[in-house]
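Residues per chain are reported as follows:
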Amino acid sequence: MTKAAVLGTGSWGTTFAMILAEGGTSTTLWGRRAEVVEAIDRGHENPEYLPGVRLPESLRATTDAAVAMEGADFVVLAVPSQTLRGNLGGWRPHIPEHAVLVSLMKGIELRTSKRMSEVICEVAGVPEERVAVVSGPNLVGELIRREPAATVVASVDDKVTGRLQEACHLPWFRAYTNSDVVGVELGGAVKNVIALAVGVAAGMGLGDNVRATLMTRGLAEIARLGAAVGADPHTFAGLAGMGDLVATCTSPLSRNRTFGENLGRGMSMAETIAATKQTAEGVKSCESVLGLARRYDVEMPITEVVVGVVHDGMTPSEAAVLLMSRTPKPERYGV
Ligand SMILES: NC(=O)C1=CN([C@@H]2O[C@H](COP(=O)(O)OP(=O)(O)OC[C@H]3O[C@@H](n4cnc5c(N)ncnc54)[C@H](O)[C@@H]3O)[C@@H](O)[C@H]2O)C=CC1
Ligand SMILES: O=C(CO)COP(=O)(O)O
């Protein structure tokens, strides 16, 4: 029987663990807090992140990462992107020799501008063939109701994507494979930054023309960065690119979009942070995405104003004026 450890009992970690368990994988969640772990292990519920959702009886939970990972074929990482390096350093001695490390995270590391798979290879000391990424339009608020959805599992090793696809493919959850790890990760991380921009515009009371423009030009930014970093351009037309961008930028369930909306309505950063109970990756990753763009000399004007609004005191109105007053140019997608 396939065995998995899912490290992180937040909303996506718990939901992905539910998917694996429902597909027949023997799955154990690891969490920091004893009360959350106990509620999942004994009560089959995660009241803090997924109140009212009945989890599979077979799903186990523990506060001991070594116990969770014992004999695991897949070690699934579901903590905030900015804490991964620290967490993984502690987990490294317990990772089984042949386990595949699976990233659910949609962020870019601050300071290094590394993708999560790069951090994983570096900190866990594993080759890229032992790393996979899951990304796509996967809003947890819909998945917990078992509404139909699709995702992408990516790895440079076809055998790995095949095994992971098999483990998480359900009648209501459809997994596609892709070998373009770079594109799948960039699509997932940068769409959060664009969702912040779309949220700010919505909060300012602006309508669908603005939303469509930000999403379309946002996709152009993602594709330009992807081309420079070495992604396959086709990935951005797929579920981990346009698919996730559409879901996140249009759904009130998105934490990133909601964060932007609160800023656009005039809330301060401190008030917005206080109102945000879960991880909104774009808030930190907008800076590392911009760092990556500058390293590759790629122009990302929407990302720049998001950094301005979120971190540098720019007002939403100033951001709108900056974007609208850029030099007129031909429309180009990608490079
Ligand atoms: N929730 C969603 O709809 C989806 C989320 N994602 C991505 O999944 C990743 C995880 O997000 P969520 O589960 O949604 O976030 P969350 O905020 O619901 O949960 C985060 C989890 O990490 C734990 N955590 C926080 N700081 C920690 C630390 N220093 N050390 C160890 N654990 C720590 C929290 O206790 C919590 O269990 C993010 O990168 C997110 O972008 C991807 C697809 C869908
Ligand atoms: O990545 C997501 C959906 O695919 C979730 O988006 P948020 O983190 O903005 O809620």
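Residues numbered from 1 in each chain as written. Chains lettered and ligands numbered in written order. Predicted model: local features only at pLDDT ≥ 70, side-chain atom pairs only at ≥ 80, totals over all residues. Heavy atoms only, no water.

The name recorded for the protein chain in an unreviewed UniProt entry is Glycerol-3-phosphate dehydrogenase [NAD(P)+], from Sphaerisporangium corydalis. According to UniProt, the comment filed for the protein chain under the heading Sequence similarities (unreviewed entry) is "Belongs to the NAD-dependent glycerol-3-phosphate dehydrogenase family." Listed under Subcellular location (unreviewed entry) in UniProt, the entry text for the protein chain is "Cytoplasm". (UniProt positions renumbered as here; feature names shortened; annotations may be inferred.)

Q: What exactly am I supposed to notice about the sheet that holds strand E4 (residues 74–77) here?
A: Two orientations exist for strands paired in a sheet by backbone hydrogen bonds: parallel and antiparallel. With mixed pairing, eight strands are arranged side by side in an open sheet as E3-E2-E1-E4-E5-E6-E7-E8. Both edges of this open sheet fall to strand E3 (60–62) and strand E8 (173–178), since each of them pairs with a single strand only. For this sheet the average axis-to-axis angle between neighbouring strands, irrespective of direction, equals 25°. Helix-sheet contacts for helix H4 (residues 84–91) involve strand E1 (3–7), strand E2 (26–30), E4 and strand E5 (100–103), and the interaxial angle to E4 is about 150°. Relative to strand E7 (residues 149–154), helix H10 (residues 239–250) is tilted by about 145°, and along the sheet it contacts strand E6 (131–135), E7 and E8. (Pairing = 2+ DSSP bridges. Helix = DSSP H or I, 4+ residues; strand = E, 2+ residues; numbered from the N terminus. Axes fitted to C-alpha atoms, helices over the stretch in contact; angles between N-to-C directions. Contact = heavy atoms within 4.5 Å.)

Q: Whenever I open this one, the site of ligand 1 confuses me. Can you help?
A: Within the structure, ligand 1 sits among 22 residues, and Ser11, Trp12, Lys106, Thr279 and Glu281 are positioned closest to it. Backbone polar atom of Leu104 to an oxygen atom of ligand 1: 3.4 Å apart, as the coordinates give it. No other element matches the three residues that helix H1 (residues 11–22) contributes to the shell around ligand 1. The class makeup of the residues in the shell around ligand 1 is eight nonpolar, nine polar and five charged. Two domains each provide a minimum of three residues to the shell around ligand 1, namely domain 1 (3–179) and domain 2 (190–324). (Near = heavy atom within 4 Å. Polar contact = N/O pair within 3.5 Å; in protein donor to acceptor, adjacent residues only side chain to side chain. Nonpolar A, V, L, I, M, F, W, Y, C, P; charged D, E, K, R; others polar. Domains from an automatic or database assignment.)

Q: Is there a simple way to think about helix H9 (residues 208–229) in this case?
A: Note: α-helices contain 3.6 residues per turn, so residues at a spacing of three or four share the same orientation. Between its terminal C-alpha atoms H9 stretches 31 Å, which fits the 32 Å expected from 22 residues at 1.5 Å a residue. Along its buried surface, H9 packs onto helix H8 (181–203), H10, helix H13 (282–295), helix H14 (301–311) and helix H15 (316–324). (Expected span 1.5 Å × (residues − 1).)

Q: I tried to follow the packing of H8 against H9 on my own but got confused; where do I start?
A: Working note: a packed helix pair is described by the angle between its axes plus the distance between those axes. With their axes 9 Å apart at the nearest point, H8 and H9 run at an angle of 150° to one another. When the axes of H8 and H9 are compared, the pair comes out roughly antiparallel. Crossing of H8 over H9 shows right-handed handedness. The residues of H9 that touch H8, namely those facing Val182, Leu186, Gly187, Val190, Lys191, Ile194, Ala197, Val198 and Ala201, are Val210, Arg211, Leu214, Met215, Gly218, Glu221, Ile222, Leu225, Gly226 and Val229. A breakdown of the residues in the contact of H8 with H9 according to their chemical character gives 13 nonpolar, three polar and three charged. (Parallel < 35°, antiparallel > 145°, perpendicular 65-115°, else oblique. Left-handed = near helix turned anticlockwise from the far one by under 90°.)

Q: Could you clarify how one ought to interpret empty space enclosed by the protein in this entry?
A: Once rolled over the atoms, a probe with the size of a water molecule shows which space is left empty. Considering all chains together, one arrives at one cavity of 30 Å³ or more under this definition. Put simply, the largest cavity is a space of about 40 Å³. Forming the boundary of the largest cavity are Leu104, Met105, Lys106, Val133, Val134, Ser135, Val184, Glu185, Gly188 and Ala189. Looking at the lining of the largest cavity, the elements that each hand over two or more residues are E6 and H8. Tallying contributions element by element places H8 first for the lining of the largest cavity, with four residues. (1 Å grid on protein atoms, 1.4 Å probe; cavity = no way out; pocket = protein on both sides within 12 Å on 5 of 7 lines; lining within 4 Å. Points joined across faces, edges and corners; volume = space filled by probe spheres on them.)

Q: Got a minute to help me understand the domain arrangement of the protein chain in this structure?
A: Quoted interface sizes are often the accessible area lost when the parts come together. Examined at the domain level, the protein chain breaks down into domain 1 (3–179) and domain 2 (190–324). Distance from the C-alpha centre of domain 1 to the C-alpha centre of domain 2: 25 Å. At the junction of the two partners, domain 1 supplies 25 residues and domain 2 supplies 23 residues. Buried area between domain 1 and domain 2, summed over both chains or domains, comes out near 1,800 Å², and the portion from carbon and sulfur atoms is 61%. On inspection of domain 1 and its partner domain 2, the count reaches one salt bridge. Linking domain 1 with domain 2 are 10 residue pairs in polar contact (both at pLDDT 80 or more), by the criterion used here. Of all the elements in the fold, those that place two or more residues in the side of domain 1 that touches domain 2 are helix H6 (140–143), E7 and E8. (Buried area = accessible area lost by both parts, 1.4 Å probe. Salt bridge = Lys/Arg side-chain N within 4 Å of Asp/Glu carboxyl O.)

Q: Honestly, the site of ligand 2 in this entry has me stumped. Any pointers?
A: Lys106, Gly136, Pro137, Asn138, Leu139, Lys191, Asp244, Thr248, Leu253, Ser254, Arg255 and Asn256 make up every residue found near ligand 2. Between ligand 2 and Lys106, the relevant distance is 2.9 Å, taken from an oxygen atom to a side-chain nitrogen or oxygen of the residue. For ligand 2, whose free accessible area comes to 310 Å², the fraction covered by protein is 92%. If you list the elements that add at least two residues to the shell around ligand 2, you get H10 and helix H11 (255–264). Residue classes in the shell around ligand 2 are distributed as three nonpolar, five polar and four charged. When we break the shell around ligand 2 down by domain, the ones giving at least three residues each are domain 1 (3–179) and domain 2 (190–324). (Areas by Shrake-Rupley, 256 points an atom, 1.4 Å probe, with all protein chains shown as cover.)

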